[in-house]
Every structure is written in C-alpha cells, then in structure tokens.
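The primary structure of each chain is shown beneath.
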Amino acid sequence: MQYIFFIVLIAATIIFIAGIWRALKMSRKSVELIAKYEHDKNNPELIEEIYSAINSDFVLNKILREHCAKVEDIKILHRKLMQWGDFRKYNRYVPITSFFNRTALKYLLEHKNDDAKSLTEKMMNHFHI
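Scoring rules and cut-offs
Residues numbered from 1 in each chain as written. Predicted model: local features only at pLDDT ≥ 70, side-chain atom pairs only at ≥ 80, totals over all residues. Heavy atoms only, no water. Salt bridge = Lys/Arg side-chain N within 4 Å of Asp/Glu carboxyl O. Helix = DSSP H or I, 4+ residues; strand = E, 2+ residues; numbered from the N terminus. Buried < 20%, exposed > 50% of the residue type's maximum accessible area, 1.4 Å probe, protein only. Core = buried A, V, L, I, M, F, W, Y, C linked by side-chain atoms within 4.5 Å. Contact = heavy atoms within 4.5 Å.

Description of the pattern of salt bridges
Pairs may arise between side chains of opposite charge once their charged atoms sit close together.
Part 1: Enumeration according to the criterion identifies five salt bridges in this entry.
Part 2: Across the pair K29 and E32 runs a salt bridge whose closest N-O atoms are separated by 3.4 Å. Taken together, the residues K29 and E32, both in helix α1 (residues 2-36) and three residues apart, mark about one turn of the helix.
Part 3: Assessed through its relative accessible area of 42%, E32 is described here as partly exposed.
Part 4: Close ionic contact of K36 with E49 constitutes a salt bridge, the shortest N to O distance being 2.8 Å. Taken as a pair, K36 in helix α1 and E49 in helix α2 (residues 44-56) lie far apart in primary sequence, 13 residues in all.
Part 5: In the salt-bridge network here, residues are joined through shared partners; they are K29, E32, K36 and E49.

Overview of unusual backbone geometry
Part 1: Positive phi values are uncommon outside glycine, yet C68 reaches one of about 50°.
Part 2: Mapped onto the elements of the fold, C68 is located in the loop between α3 (58-66) and α4 (71-85).
Part 3: Assessed through its relative accessible area of 57%, C68 is described here as exposed.

Quick notes on the nonpolar core
One recurring pattern in soluble globular proteins: nonpolar side chains tend to sit buried together.
Part 1: Counting 32 residues, the largest nonpolar core has I50, I54, I74, I96, F99 and F100 as its most contacted members.
Part 2: Sorting the residues of this core by element identifies α1, α2, α3, α4, α5 (94-97), α6 (102-110) and α7 (116-126) as the ones contributing at least two each.
Part 3: Among the elements that line this core, the one with the most residues is α2, at six residues.
Part 4: Apart from the residues lying within four places of it in its own chain, the contact partners of I96 are S30, L33, I34, L46 and I50.

Notes on the environment of L9
Part 1: Tracing the backbone shows L9 in helix α1.
Part 2: Given the relative accessible area of 45%, L9 is considered partly exposed.
Part 3: Expressed as a C-alpha distance, the spacing of L9 and R88, which sit 79 residues apart in the sequence, is 40 Å.

Bear in mind that shape data such as this cannot, by itself, settle questions of function.
Next up, the structure:
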C-alpha cells in the first residue's frame, strides 16, 4: 500500500512540476513579446510570433484546433484588443497576454464576433487590470 501511495505521490509531483514549467514558459514568452514589440505594436511579425507560440504549446494548440483558429483570427482579435486595451501594467499587456492564457484564449475565440470594448473589458477583468 505504501508503494502505491509513493508512486501516486511521485506522479502527482511530476504533473505539478510539468504544469508549472509550462505556465512559466508561456509567461516568459508573453513578457518577451511585450518587451520586443513595446514600441512597434502594429508589426505584423507580432501576430505571427503569437500564433507560432500558442500553436507550439499543447494546451493552447488544442484550443486553436477546437475553434479552427487561424492567424487571421488572432490578427482580428489583436486589433480589437488594441482599440481599448493598448496600455501596459507591469508584465501584462492585454493585446498580447490574453493569447497566452488558456481560459482567456478560449473566451476570445468563442466570442471573436463580439465588439472590441466588451472583449477588452472581459480580458482586463480576467487579468485584474
């Protein structure tokens, strides 16, 4: 019985560490993009880098496939978020950070036809801005 408990404990620890590592990797990429494009916010390469980063993550890629999202969808959503959320608070910048969070990305893709103000307000509330 102790061996089973020990194995379950090790498995839970590995899953926890993998989850923390993934979240840290996505956060690091988000902050890197914020810093890189801080003074060039309308650069088309930003959209490509966002899409590439979320497409390479297994959790966010699953959401992209579920909603059949393409680069054009990310571009449209980014443009909407830029209208009302074009400001930075610490390491959060709504038009970039929103794509690197599982629940935020899912909400954006489910409501991509909503108006810019309501999407931005929802993301600002999500990130406590």
